[in-house]
Amino acid sequence: MQTTTVDVPTRDGVADAYLARPDGAGPFPGVLVFMDAFGLRPRMAEMAETIAARGYVVLVPNLFHRFGRAPLVDLSGLGDEAQRGALFQQISPMIGALTPEVVARDTAAYLDFLTGQPDVTPGPVAITGYCMGGTNALRAIEAHPDRIAAAAAFHAGRVVTDAPDSPHLGVGSVTGELYFGHADQDPSMTAEQIATLEKALDAAGVAYTSEVYPGARHGYTQSDTPMYDEEATERHWAALFDLLERTFRR
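What you see is a predicted model, and the numbers here were worked out from it, not measured in a lab.

Draft legend 1. Fine view of the packing of aromatic side chains. Inspection of the entire model under this criterion finds seven aromatic pairs. Look at Trp 237 and Phe 241: their rings are 5.6 Å apart centre to centre, the planes differ by 10 degrees, and that puts the pair in the stacked class. You can see Trp 237 and its partner Phe 241 sitting in helix 6 (residues 230–248), four residues apart, about one turn around the helix. With relative accessibility at 9%, the residue Trp 237 sits in the buried group. Taking the ring centre of Phe 241 as reference, the NZ or CZ of Arg 54 above it sits at 4.1 Å. Its guanidinium or amino end placed over the ring of Tyr 213, Arg 235 lies 4.2 Å from that ring's centre, counting from NZ or CZ.

In structure tokens, the structure reads:
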């Protein structure tokens, strides 16, 4: 396994990123991974390597690159649930800066970089995202349906809002397959919001799977946080790899 830190040029500066490659000469399908709010760190590198080990070239960009290179906040207290609120206070402005226009623009740069790698198979890639990265993965496939063949979102929050640019309102542009692995009793994605999302997907005729992981909390895949749920994480890996295998017909 080869994992390196690379610099991805964007219209608004350079984004640091992890690039994970499987062993062998390839070519391999490309997969974008959109981080959770806590950013690039060993857990995200570990997840990239897990995907790469199945035969994919994986790019994990720092979505907060406008604020600097990762790490952007002190994550020494990440495992302490009592410090979670203070961490989010620091991160919230960075999350808010990721408007739909910014996500679309940056995603184009990430796609150019990933598909420009010599060992990446030509054609569309897939994307998976976690927490706010899952929401932005949906934004990404909505903005680039011709370049992203499938998207997965795990414990994504605020996919449905009252805003006129709520992510769920853009699903009509999606031509690929979507997968949603919702956290149970997630205040950022309630049962009512899930139903609204599914109604929008049905109305748009999008191929999708939407599942609630019983007992799992928001952030269940992140083993360096108190939200981690091993059973839900294993279920997420099975769902993600099924989606990737269908997408690339491996």
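Okay, back to it.
Draft legend 2. Main features of the pairing of strand 1 (residues 2–10). Two strands pair when backbone bridges link them, and strand 1 and strand 2 (residues 13–21) are joined in this way by nine bridges, in the antiparallel orientation. Across the sheet, residue Thr 10 finds its bridge partner in strand 2, namely Gly 13.

Draft legend 3. Looking closely at helix 2 (residues 84–96). In this model helix 2 runs 18 Å from its N-terminal to its C-terminal C-alpha over 13 residues, within 8% of the 18 Å that 1.5 Å per residue would give. Considered for burial, the residues of helix 2 that qualify are Arg 84, Leu 87, Ile 91 and Met 94.

Draft legend 4. The nonpolar core, seen in detail. Ranked by size, the top nonpolar core spans 84 residues in total, and within it Ile 51, Val 58, Leu 59, Leu 178 and Leu 244 carry the most contacts. A per-element tally of this core places helix 6 first, with eight residues. Non-local contacts of Leu 244, meaning those with residues more than four positions away in its chain, are made with Val 31, Ile 51, Tyr 56 and Ala 126.

Draft legend 5. Quick peek at the packing of helix 3 (residues 100–115) against helix 4 (residues 132–143). Closest axis-to-axis distance for the helix 3/helix 4 pair is 9 Å, and the angle between their directions is 70 degrees. Here helix 3 is positioned roughly perpendicular relative to helix 4, judged by the angle of their axes. Where helix 3 crosses over helix 4, the two elements pack in a sense that is right-handed. Contacts between helix 3 and helix 4 pair Pro 100, Val 103, Ala 104 and Thr 107 from the former with Asn 136, Arg 139, Ala 140 and Ala 143 from the latter. Grouping the constituent residues of the contact of helix 3 with helix 4 by class yields five nonpolar, two polar and one charged.

Draft legend 6. Fine view of the packing of helix 1 (residues 42–52) against helix 6. For the pair helix 1 and helix 6, the least separation of the axes is 12 Å and the interaxial angle reads 45 degrees. One element, helix 1, and the other, helix 6, form an angle in the oblique class. For helix 1 against helix 6, the interelement crossing comes out right-handed. Facing helix 1, whose interface residues are Arg 43, Met 47, Thr 50 and Ile 51, helix 6 presents Thr 233, His 236, Trp 237, Leu 240, Phe 241 and Leu 244.

Draft legend 7. Just the pairing of strand 3 (residues 30–34), in detail. The buried count for strand 3 comes to five of five residues, which makes it a mostly enclosed element. Covered by surrounding structure in strand 3 are Gly 30, Leu 32 and Phe 34 together with Val 31 and Val 33, the residues of both alternating faces. Pairing analysis gives three bridges linking strand 3 to strand 4 (residues 57–61), with the strands arranged parallel. Of the residues in strand 4, the one forming a bridge with Val 31 is Val 58. What joins strand 3 to strand 4 is helix 1, and the crossover it makes is right-handed.

Each value, and the rule that gives it
Residues numbered from 1 in each chain as written. Predicted model: local features only at pLDDT ≥ 70, side-chain atom pairs only at ≥ 80, totals over all residues. Heavy atoms only, no water. Phe/Tyr/Trp six-rings, centres within 6.5 Å; stacked < 30°, edge-to-face > 60°. Helix = DSSP H or I, 4+ residues; strand = E, 2+ residues; numbered from the N terminus. Buried < 20%, exposed > 50% of the residue type's maximum accessible area, 1.4 Å probe, protein only. Lys NZ or Arg CZ within 6 Å of the ring centre and 35° of its normal. Pairing = 2+ DSSP bridges. Expected span 1.5 Å × (residues − 1). Core = buried A, V, L, I, M, F, W, Y, C linked by side-chain atoms within 4.5 Å. Contact = heavy atoms within 4.5 Å. Axes fitted to C-alpha atoms, helices over the stretch in contact; angles between N-to-C directions. Parallel < 35°, antiparallel > 145°, perpendicular 65-115°, else oblique. Left-handed = near helix turned anticlockwise from the far one by under 90°. Nonpolar A, V, L, I, M, F, W, Y, C, P; charged D, E, K, R; others polar. Right-handed = clockwise from strand over helix to strand, strands pointing away.

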